[in-house]
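If you want the building blocks of each chain, they are given just below.
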Amino acid sequence: MTARGPRVLVVSASRHGATAEIATALAHGVSECDAGRSVGVRAVAVPVEQRPDPGPFDAVLLGSAVYAGHWLDPAATYVSQHAEVLRRRPLWLFSSGPIGEPPFPPDEPYEVAPLMKVTGARGHAVFPGRLDKSRLSFGERAMVTAMRAPLGDFRDWNAVRAWASEIAGQIVTRADAPAVPY
């Protein structure tokens, strides 16, 4: 941890921007909630395609949009490329994708359990997503029409802020703990 406060990296894989917007809200929430402000948490959201190095950060949040029950390949690849570093940091995973009322599908993405095991992630949150037909490719629009998937923005910003605040509390607790020699 730096003298100025913990640094948090929020990495996301997003196909049409909704998950990236959740990542930005998480970065803002972690640093701007009461707990985050109390120790000067600084957080940044970075798309996984920019391949950010998690090494200089004190904690990491990693998320992906979910399609057909799966994380996007760039997010899973990021974990495999940085697994050793991620195991040595507090890490939380998040997924974005269920749509409708109530959000469907209710299941966790297939990759989450193995990714949590490989990285030692402290938790996982699933946030409802957004389905905006105008942002989809022709093939995606055809699939959405065939499935009669509900259109709209189902993201729960209160849940995103609450989770960010919960994580900030855990980071602050860790920041306040006395250093333990290795």
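Here the residue numbering is sequential within each chain, running from 1 through the sequence in written order. Only residues with pLDDT of at least 70 get local features here, since the model is predicted, and only at 80 or more are side-chain atom pairs given and counted; chain-wide, interface and lining totals rely on the full set of residues. Excluded from the side-chain calculations are hydrogens and water; all other atoms, namely the structure's heavy atoms, are used.

Describing the overall build of the protein chain
Segments assigned H or I by DSSP are reported as helices when at least four residues long, segments assigned E as strands when at least two residues long, and all are numbered from the N terminus. Scanning the protein chain from N- to C-terminus turns up six helices and eight strands. Secondary structure elements in the protein chain, listed N-terminal to C-terminal, are β-α-α-β-β-β-α-β-α-β-β-α-β-α. Any two residues whose heavy atoms approach within 4.5 Å at even a single point are treated as in contact. Counted over contacts in the protein chain with a minimum sequence separation of 6, partners at least 24 positions apart contribute 78%. Counting only carbon and sulfur atoms, one obtains 55% of the accessible surface of the protein chain, whose full area is about 9,700 Å². Using the Shrake-Rupley algorithm and a 1.4 Å probe, accessible areas are obtained, with residue cover drawn only from the displayed protein chains.

Here's the deal with the packing of aromatic side chains
Working definition: rings of Phe, Tyr and Trp (its six-membered ring) pair if their centres are within 6.5 Å, and the pair is stacked with planes under 30 degrees apart, edge-to-face with planes over 60 apart, and tilted otherwise. Evaluated as defined, the whole model comprises two aromatic pairs. Between Phe94 and Trp163, the ring centres sit 6.4 Å apart and the planes meet at 65 degrees, which makes this aromatic pair edge-to-face. Of this pair, Phe94 sits in strand 5 (residues 91–96) while Trp163 is found in helix 6 (residues 157–176), placing the two residues 69 residues apart along the sequence. Accessibility classification places Phe94 together with Trp163 in one group, the buried group. Centre to centre, the rings of Phe127 and Trp163 are 5.7 Å apart; their planes meet at 70 degrees, and the pair counts as edge-to-face. Separated by 36 residues along the polypeptide, Phe127 in strand 6 (residues 123–127) and Trp163 in helix 6 bring together distant segments of the chain. Think of it in three bands: residues with accessible area under 20% of the maximum for their type are buried, residues over 50% are exposed, and the middle band is partly exposed, with areas taken using a 1.4 Å probe on protein chains only. By relative accessible area, Phe127 is classed as buried at 3%.

Examining the environment of Phe94
Since its relative accessible area comes to 0%, Phe94 is described here as buried. Spatially, the C-alpha atom of Phe94 lies 8.8 Å from that of Ala65, the residues being 29 residues apart in sequence.

Section: the nonpolar core
We call a set of buried residues a nonpolar core when its members are Ala, Val, Leu, Ile, Met, Phe, Trp, Tyr or Cys and they connect through side-chain atoms within 4.5 Å of each other. The biggest cluster of nonpolar side chains holds 23 residues, and the ones touching the most others in it are Val8, Val10, Leu26, Leu61, Phe94, Trp163 and Ile171. Contributions of two or more residues to this core are made by strand 1 (7–13), helix 1 (18–32), strand 3 (59–67), strand 5, strand 6 and helix 6. Looking at this core, the element that brings in the most residues is helix 6, giving seven residues. Setting aside residues up to four positions removed in sequence, Leu61 forms contacts with Val8, Leu9, Val10, Val11, Leu26, Trp92, Phe94, Trp163 and Ile167. Counting 21 residues, the second-largest nonpolar core is a separate cluster that includes Ala13, Trp71, Tyr78 and Ala121.

Some thoughts on the side chain of Ser95
In this structure, Ser95 sits in strand 5. A residue is classified by how much of its surface remains accessible, and Ser95, at 1% relative accessible area, is buried. Within the structure, Ser95 has its side chain in polar contact with the side chain of Trp71 (distance 2.8 Å). Setting aside chain neighbours within four positions, we find Ser95 in contact with Ser64, Val66, Trp71, Pro109, Val112, His124, Ala125, Val126 and Phe127. Think of a polar contact as two N or O atoms within 3.5 Å of one another; within protein, one of them needs to be a possible hydrogen donor and the other a possible acceptor, and neighboring residues in sequence only count if both atoms come from side chains.

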